[in-house]
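# Fold and contact review
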Amino acid sequence: MGDWLKWALVTVVQFVIGKRFYVAAGRALRNGSTNMDVLVVVGTTACYVYSVYALLYGAISGFWSPTYFETSAMLITFVLLGEYLETLATGKTSDAIRKLVELTPGGGVIGQREIDALLIQPGDVLKVPGAKVPVDGVVTWGSNHVNKSMVTGESVLVLKEVNSVVIGGTINLHGSCHDPKSN
């Protein structure tokens with residue numbers, strides 16, 4: 001494929017398909033930070049600008065340097081493909097977790113909602129499915145293995161069953177339990 005045709009095709013990829021990278025990179029730079037979008041824009045733009053310069057210099061002087069238009073297009077394509085695959089994987093994981101949570105018995109649950117840890121009141125019953133235990137309490141339903149390393153310094157898993165005391169800040173690794181705040 002001729003370099004002139006590559007230039008035309010890659011310009012579409014670079015500035016139409018890759019526009020979202022330029023917009024996100026501009027936003028990040030205005031906020032005084034950098035992210036992957038900035039990296040993609042810097043890398044692909046450098047490749048694109050060099051290739052345009054080499055093509056025009058060759059047309060003027062007759063000395064043809066190699067161009068790297070395809071590299072710019074491939075980088076944008078691979079990053080977009082990676083983001084697409086990440087979105088698919090995240091969506092499937094969320095669906096799988098939701099289906100697993102639906103399989104757990106409710107046990108007379110009046111209502112469930114996600115709340116901030118600062119809003120927890122004495123007497124609240126908390127469902128802690130594989131997460132950090134937000135407050136000290138006693139297990140009222142279920143069983144789990146808790147990593148108590150933040151308390152003991154050892155990362156040994158401890159089985160917690162009904163009437164077992166759990167400490168806020170420990171991590172529930174396996175299983176699900178209901179934990180009422182005791183203090």
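Residues numbered from 1 in each chain as written. Predicted model: local features only at pLDDT ≥ 70, side-chain atom pairs only at ≥ 80, totals over all residues. Heavy atoms only, no water.

### Brief notes about the packing of helix H1 (residues 3-17) against helix H3 (residues 36-61)
Look at H1 against H3: their axes get within 11 Å of each other, and the N-to-C directions meet at 155 degrees. Relative to H3, the element H1 is oriented roughly antiparallel. Relative to H3, H1 is oriented so that their crossing is left-handed. Of the residues in H3, those in contact with Asp-3, Trp-4, Trp-7, Val-10, Thr-11, Gln-14 and Phe-15 of H1 are Thr-44, Thr-45, Tyr-48, Val-52, Leu-55, Leu-56 and Ala-59. (Axes fitted to C-alpha atoms, helices over the stretch in contact; angles between N-to-C directions. Helix = DSSP H or I, 4+ residues; strand = E, 2+ residues; numbered from the N terminus. Parallel < 35°, antiparallel > 145°, perpendicular 65-115°, else oblique. Left-handed = near helix turned anticlockwise from the far one by under 90°. Contact = heavy atoms within 4.5 Å.)

### Structural notes on the packing of aromatic side chains
Following the criterion strictly, the structure yields six aromatic pairs and no others. Grouping aromatic residues by their ring pairs yields a cluster made of Phe-15, Tyr-22, Tyr-48 and Phe-69. The side chain of Arg-20 reaches across the aromatic face of Phe-21, ending 4.7 Å from its centre. (Phe/Tyr/Trp six-rings, centres within 6.5 Å; stacked < 30°, edge-to-face > 60°. Lys NZ or Arg CZ within 6 Å of the ring centre and 35° of its normal.)

### Regarding the side chain of Thr-44
The topology assignment puts Thr-44 in helix H3. Only 3.1 Å separates the side chain of Thr-44 from the side chain of Gln-14, close enough to count as a polar contact. If we skip the residues at most four places from it in the chain, Thr-44 touches Gln-14, Ser-72, Leu-75 and Ile-76. (Polar contact = N/O pair within 3.5 Å; in protein donor to acceptor, adjacent residues only side chain to side chain.)

### Comments concerning the nonpolar core
Of all hydrophobic cores here, the largest spans 15 residues; its most connected members are Val-10, Phe-21, Tyr-48 and Phe-69. Counting residues per element, the ones that place at least two in this core are H1, helix H2 (19-30), H3 and helix H4 (69-103). For this core, the leading source of residues is H3, giving six residues. In contact with Phe-21, other than residues within four places in its own chain, are Asp-37, Val-40, Val-41, Ile-76, Val-79, Leu-80 and Glu-83. (Core = buried A, V, L, I, M, F, W, Y, C linked by side-chain atoms within 4.5 Å. Buried < 20%, exposed > 50% of the residue type's maximum accessible area, 1.4 Å probe, protein only.)

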